[in-house]
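Read off the chains here:
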Amino acid sequence: MTLQTEAEAAFDPNADRLREECGVFGIFGHADAAALTALGLHALQHRGQEAAGIVTFDGKRFHSERRLGLVGDAFSEVSVIEKLKGKQAIGHVRYSTTGETILRNVQPLFAELHGGGFAVAHNGNLTNGLTLRRNLVRDGAIYQSTSDTEVLLQLVARSRKPRFIERFVEAIRQIEGAYAFVGMTNKKLIGARDPLGIRPLVLGELDGCPILTSETCALDIIGAKFVREIENGEVVVISESGIESHKPFPPMAERPCIFEYIYFARPDSIVKGRSIYERRKQMGAQLAAEAPANADVIVPVPDSGVPAALGFAQASGIPFELGIIRNHYVGRTFIEPTQKVRELGVRLKHSANRSVVEGKSIVLVDDSIVRGTTSLKIVKMMREAGAREVHFRISSPPITHPDYYGIDTPDREKLLAATHSLEEMRQFVGADSLAFLSVDGLYRAMGHAGRDPVRPQFTDHCFTGDYPTSLTDVIGESAKQQISLLAEAG
């Protein structure tokens with residue numbers, strides 16, 4: 001997890017948001033494999049903005065390009081793509097939830113194993129990754145990164161099974177947590193999804209060539225066809241012989257991450273047959289039914305609150321207006337030393353549209369409150385722009401528990417809803433009223449009658465504290481383990 005000083009967190013306009021996880025992409029057998037992978041990663045940029053990488057195979061050698069920064073900065077030049085030769089490629093965009101943002105952690109990771117090379121990219125987080133790492137190091141393993149993904153490479157390397165897919169399956173059977181893996185060998189493209197299907201992975205096709213990726217929007221950008229979702233607990237092996245499906249785990253009911261629908265997936269993606277955009281509008285409509293407000297205008301907190309605000313406006317009959325304008329060209333490197341300038345940080349990202357809010361009673365709609373610091377600043381900004389009343393509506397339930405499956409959330413004591421009552425939260429952000437979507441309301445917006453407490457339909461621990469897997473590293477000796485002795489300069 002990337003560390004920030006308190007001063008940086010106070011200034012950084014992204015510090016009070018849930019951090020996206022990662023995005024993966026792989027294609028098999030296409031002459032433009034590297035270029036198509038770069039385009040696919042562009043479409044997945046919202047899932048991680050700290051680093052990007054591509055590994056290709058040309059029939060003889062693997063080629064790797066891994067860089068810090070955005071996809072467009074790393075892979076926009078023809079000369080870079082031309083170096084990535086071959087008809088097989090996998091790629092990754094990263095936001096670090098385990099391990100620092102340094103070049104040795106940028107994926108895809110690669111290892112030369114008995115029988116050939118193996119590259120792997122991972123979306124998610126292993127909840128026993130530190131425990132496995134400690135045991136492997138004790139047995140002589142040499143680690144080159146601080147990413148939990150390297151555990152998979154080490155486990156595959158140690159397997160004595162005769163076939164690679166058997167070694168891969170033996171490795172993932174030892175892993176706990178959430179994952180969507182895309183891997184590549186000399187002859188195969190491999191995809192795997194955790195037994196509960198917490199992290200997403202889909203199968204597509206372009207010009208007869210199979211594709212594995214995190215979201216359907218990555219297929220759309222290259223004109224590929226969606227084939228199906230990889231099932232929870234499924235391993236797919238793509239080769240010249242076709243596509244094989246393996247089911248190495250006992251059957252389990254799927255529990256995908258509910259935050260894919262609330263926040264992470266791009267609005268134009270389809271997840272499990274559901275339009276992300278339409279689901280978010282339904283969350284807003286359900287919120288309007290549960291927590292109506294007597295107001296003049298509905299104002300989204302851009303961009304995350306826009307679909308829910310549209311749904312709220314349509315359900316309530318109150319006009320929707322862009323009362324906040326977002327600046328899309330904000331970086332994270334401008335850190336001024338003075339507190340006064342830091343306090344203005346939110347204005348780098350959001351500006352009040354005074355003509356919309358002045359003299360009005362407004363309903364601000366956002367998808368979540370994490371620490372509450374950004375919400376406080378936005379409410380203050382609306383009042384300074386002349387809003388008569390500011391009512392805050394959140395299109396998800398209160399976040400009361402941290403995540404351990406690939407979402408970078410603060411510790412529980414830093415989550416506003418975990419330490420404050422609803423009234424205390426209202427006072428903290430400075431709103432005239434504050435309301436959240438209920439847990440059952442969220443499930444109704446997803447098309448269910450409510451949450452099934454015996455067999456929950458989604459992974460929703462951030463709201464309920466119901467973690468669906470073991471949390472070995474959180475409660476074991478590895479929880480306090482220092483990952484690496486090497487601190488890199490820069």
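Residues numbered from 1 in each chain as written. Predicted model: local features only at pLDDT ≥ 70, side-chain atom pairs only at ≥ 80, totals over all residues. Heavy atoms only, no water.

Asker: Describe the sheet that holds strand β6 (residues 116-126), and please don't skip the residues or the numbers.
Answerer: As summarised here, the arrangement of the 6 strands in space is β5-β6-β7-β8-β12-β13, forming an open sheet in which the pairing is antiparallel. Edge positions in the sheet fall to β5 (109-113) and β13 (242-246), since each of these pairs with one other strand and no more. Neighbour-to-neighbour, the strand axes of the sheet open up by a mean angle of 20°, direction not taken into account. Summarising the sheet, strand β7 (residues 177-184) and strand β8 (residues 189-193) pair through 5 bridges and their orientation is antiparallel. Considered in β8, the bridge of G183 is made with I190. (Pairing = 2+ DSSP bridges. Helix = DSSP H or I, 4+ residues; strand = E, 2+ residues; numbered from the N terminus. Axes fitted to C-alpha atoms, helices over the stretch in contact; angles between N-to-C directions.)

Asker: Break down the environment of S245 for me, citing the residues and quoting the values.
Answerer: Here S245 is to be found in strand β13. Taking the relative accessible area as the measure of exposure, S245 reaches 43% and is therefore partly exposed. Here the alpha-carbon distance between S245 and I230, two residues 15 residues apart in the chain, equals 9.3 Å. Non-local contacts of S245, meaning those with residues more than four positions away in its chain, are made with E234 and V235. Reaching out from S245, the side chain makes a polar contact with the side chain of E234 at a distance of 2.6 Å. (Buried < 20%, exposed > 50% of the residue type's maximum accessible area, 1.4 Å probe, protein only. Contact = heavy atoms within 4.5 Å. Polar contact = N/O pair within 3.5 Å; in protein donor to acceptor, adjacent residues only side chain to side chain.)

Asker: Would you mind going over the sheet that holds strand β2 (residues 51-57) in detail, with residue names and values included?
Answerer: If you trace the 7 strands from one edge of the open sheet to the other, you get β3-β2-β4-β1-β10-β9-β11, paired in antiparallel fashion. Lying at the two open borders of the sheet, with one neighbouring strand each, are β3 (62-68) and β11 (225-229). Each adjacent strand pair in this sheet contributes to an overall mean axis angle of 15°, direction not counted. Both strand β9 (residues 202-206) and strand β10 (residues 209-213) contribute to a ladder of 5 bridges, which runs antiparallel. Within the sheet, the bridge partner assigned to G204 lies in β10 and is I211. The strands that helix α2 (residues 33-43) touches are β1 (22-28), β2, β4 (88-94) and β9; relative to β4, the one it contacts most, it runs at about 25°.

Asker: Explain the nonpolar core to me, using residue names and the numbers behind them.
Answerer: The biggest cluster of nonpolar side chains holds 43 residues, and the ones touching the most others in it are I258, F259, Y261, I262, M283 and I298. Looking at which element gives the most residues to this core, the answer is helix α9 (residues 259-264), with 5 residues. Not counting residues up to four positions away in its chain, the partners in contact with Y261 are V271, K272, R274, I276, R279, R280, M283, M446 and F458. By size, the runner-up hydrophobic cluster in this structure holds 29 residues, among which are L109, V156, V169 and F249. (Core = buried A, V, L, I, M, F, W, Y, C linked by side-chain atoms within 4.5 Å.)

Asker: Now, about the pattern of salt bridges: what can you tell me, with residues and values included?
Answerer: By the definition in use, this model includes 20 salt bridges. When the shortest N-O distance is used, the salt bridge between E260 and R199 registers 3.6 Å. Taken together, the residues E260 in helix α9 and R199 in the loop between β8 and β9 connect sequence positions 61 residues apart. Here E260 matches R199 in class, with each residue buried. Taking the shortest distance from any N to any O, the salt bridge between R255 and D460 comes out at 3.8 Å. Residue R255 is located in the loop between β13 and α9, and its partner D460 is located in the loop between α18 (439-445) and α19 (461-464); the two are separated by 205 residues in the primary sequence. (Salt bridge = Lys/Arg side-chain N within 4 Å of Asp/Glu carboxyl O.)

Asker: Please give an account of the environment of Y143 that cites residues and values.
Answerer: Mapped onto the fold, Y143 is located in the loop between α5 (129-138) and α6 (150-158). Separated by 10 residues in the primary sequence, Y143 and L153 have C-alpha atoms spaced 9.8 Å apart. Dropping the residues within four chain positions of it, Y143 is found in contact with R133, L136, V137, E150, V151 and Q154.

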